[in-house]
Amino acid sequence: MALNFEVVAKSPATAKAVGIPVASEGALPKEVTLSRATLETLGFTGKVGQTYVVPAEKGAASILIGVGEVSKLDTASLRKASAAFARAAAGFESVSTTLANIGRLDRKVAAQVVVEGMSLATHRYTDLKTVDKKAPKLATVSLVGTGAATTGGVKRGQVIANATNMARDFANMPPAYLTATIFANKAVEIAGQTGLKVEVFNKDQLLAMGCGGIVGVNRGSVEPPRMVRLTYKPTGAKGKPHLVLVGKGVMYDSGGISLKPSDPSHAMMKGDMSGAAAVLATMSTLKALGCTNQVTGYLMCTDNLPSGSAMAMGEVLTMRNGKTVEIHNTDAEGRLILADGLSLAAELKPSAIINIATLTGACLVALGEKVAGVLGTSDKLISQLEDAAARVDEPIWQLPLVKEYRRLLDSTVADMRNIGGPAGGTITAGLFLSEFVGNTPWAHLDIAGPMKVDGDDGWMQRGATAFGTRLLIDTVTSFKPV
């Protein structure tokens, strides 16, 4: 259930708890009845993300929220503090807080960040639970403040948070509940609600279009593939930049004939469509956020399963742009379906192309579970992604496209093969993808590491994180030609 936010001039009498920001230094707010020495003995120092609940015999309880040094408060620390507040307030039906009024942040930005932090921290995927004992009671949040900036920030934050939580829900859904066909149908529904043009392509159409990558990967599945093209074209779009987003939508990835090991990672392979979910969620926000750029999104959706008809090692597939690929590992399937999507994107001759995918375990090994990798052909485009990543607290790190590694993809029978050697897997995957974008400025986001978390962590909730959704939203709404 989405939280309901309102902007009020003062804390309403109906609030069951009041969130009080407390810095790590200086005088305590007058509402705090305990001394700093007492709070420190209780383990509360005002550090960012700390909370302490002070019950009240009458009226609202107080929830102290650590915000660190106010002079150093930025969007990431405010988002973290807001998330911590939301978790501490989960047992109260309604709360109020002045969190959006502290520090030197722009009031619109601050309100947006507070809404994001609280909404993302309290979200749960509960569709398949008959009873959720941990479901938060929190339903209404009153942000104490005034002015159009605060109200505008709340609205923007709600749009972005709701879209991110939608992407999380998709990635958390079991494979039987979200096949490529079901996902495409949901995309059609969402497009109708959010002012997007939508086209869905079935297997026969993909064959006719020469999309040998997605069709080849799909061959082991009884569920047919789907490609969804979403188009956002605002009024007065002529002459505006045009971005194309391409999302990997492997609804379930067993590895195909190159079967993955039987370990807990199998259960999370339902989230191998997190890239497509991020693109769909991003596209759904553009009209509401007043995006002035043109944006096209491709969702490349299929299963990757073993069967008698599945793609085999040594097979050669022909991609949409005519290049041939020899298969040396059927578990390197994401790049095959992205190759078709990137080829179609390049044909549109856009200002830039960005693809997002849970692509390589190598990226997880290199950067861990908190940082996504980014590679590409345009440093200016990557710079815009890095700036957006800093604003939304979704860290990314640029890896090099080492051209000398291209020889590792050489094949004796085709234009290339779909994997390189045992080392540098994220880079060779990026080099593979670069073969399908032509001269268009392009960036590739590998979100294999931060696609999920095993426990609550800042604004992230246990399970699918929808990492990359807010990064893409920020990037496309602020994009400048490169």
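Residues numbered from 1 in each chain as written. Predicted model: local features only at pLDDT ≥ 70, side-chain atom pairs only at ≥ 80, totals over all residues. Heavy atoms only, no water.

## Regarding the sheet that holds strand β12 (residues 324–326)
With respect to topology, three strands assemble into an open sheet ordered β11-β12-β16, the strand pairing being mixed. Each edge of the open sheet is held by one strand with a lone partner, namely β11 (316–318) and β16 (416–417). Two strands pair when backbone bridges link them, and β11 and β12 are joined in this way by three bridges, in the antiparallel orientation. Within β12, the position partnered with Thr318 by the bridge is Thr324. (Pairing = 2+ DSSP bridges. Helix = DSSP H or I, 4+ residues; strand = E, 2+ residues; numbered from the N terminus.)

## With respect to the sheet that holds strand β5 (residues 94–97)
In spatial order, the strands read β1-β6-β5-β2-β4-β3; together these six strands make up an open sheet with mixed pairing. Edge positions in the sheet fall to β1 (4–8) and β3 (51–54), since each has one partner strand and no second. Strand-to-strand twist in this sheet, taken as the mean axis angle between neighbours without regard to direction, amounts to 25°. As paired elements, strand β2 (residues 17–23) and β5 share three bridges and run parallel to each other. By the bridge assignment, Val18 is partnered in β5 with Ser96. Packing against the sheet, helix α2 (residues 75–88) makes contact with β2, β3, β4 (61–68) and β5, and its axis sits at approximately 160° to β4. (Axes fitted to C-alpha atoms, helices over the stretch in contact; angles between N-to-C directions. Contact = heavy atoms within 4.5 Å.)

## Observations regarding a positive patch on the surface
A cluster of like positive charges, contributed by Arg124, Lys129, Lys134 and Arg462, occupies part of the molecular surface. As for its placement among the helices and strands, Lys134 is situated in the loop between α3 (107–122) and β6 (140–144). Its relative accessible area of 69% is what places Lys134 among the exposed residues. (Patch = residues over 30% accessible without salt bridge, like charges linked within 9 Å, V, L, I, M, F, W, Y side chains within 5 Å. Areas by Shrake-Rupley, 256 points an atom, 1.4 Å probe, with all protein chains shown as cover. Salt bridge = Lys/Arg side-chain N within 4 Å of Asp/Glu carboxyl O. Lys, Arg positive; Asp, Glu negative; His and termini not counted. Charge placed at Lys NZ, Arg CZ, Asp CG, Glu CD. Buried < 20%, exposed > 50% of the residue type's maximum accessible area, 1.4 Å probe, protein only.)

## Let's talk about the pattern of salt bridges
Tallying each qualifying case throughout the model produces 18 salt bridges. When the shortest N-O distance is used, the salt bridge between Glu435 and Lys323 registers 2.6 Å. Taken together, the residues span a long stretch of sequence, with Glu435 in the loop between α12 (425–434) and β17 (442–446) and Lys323 in the loop between β11 and β12 at a distance of 112 residues. The partly exposed category is assigned to Lys323, whose relative accessible area is 24%. Because the salt bridges share partners, they merge into one network encompassing Arg79, Glu116, Glu394 and Arg470.

## Digging into the side chain of Asp446
Its location among the elements puts Asp446 in strand β17. Buried within the structure, Asp446 lacks any salt-bridge partner; Arg335 is the closest side chain of opposite charge, at an N-O distance of 7.3 Å. A polar atom in the side chain of Asp446 sits 3.3 Å from the backbone nitrogen of Leu359. Polar side-chain contacts of Asp446 include one of 2.7 Å to the side chain of Thr360. Contact partners of Asp446, with chain neighbours within four places excluded, come to Ala357, Thr358, Leu359, Thr360, Cys363, Ala372, Gly373 and Thr426. (Polar contact = N/O pair within 3.5 Å; in protein donor to acceptor, adjacent residues only side chain to side chain.)

Function-wise, these values are silent; they only describe arrangement.
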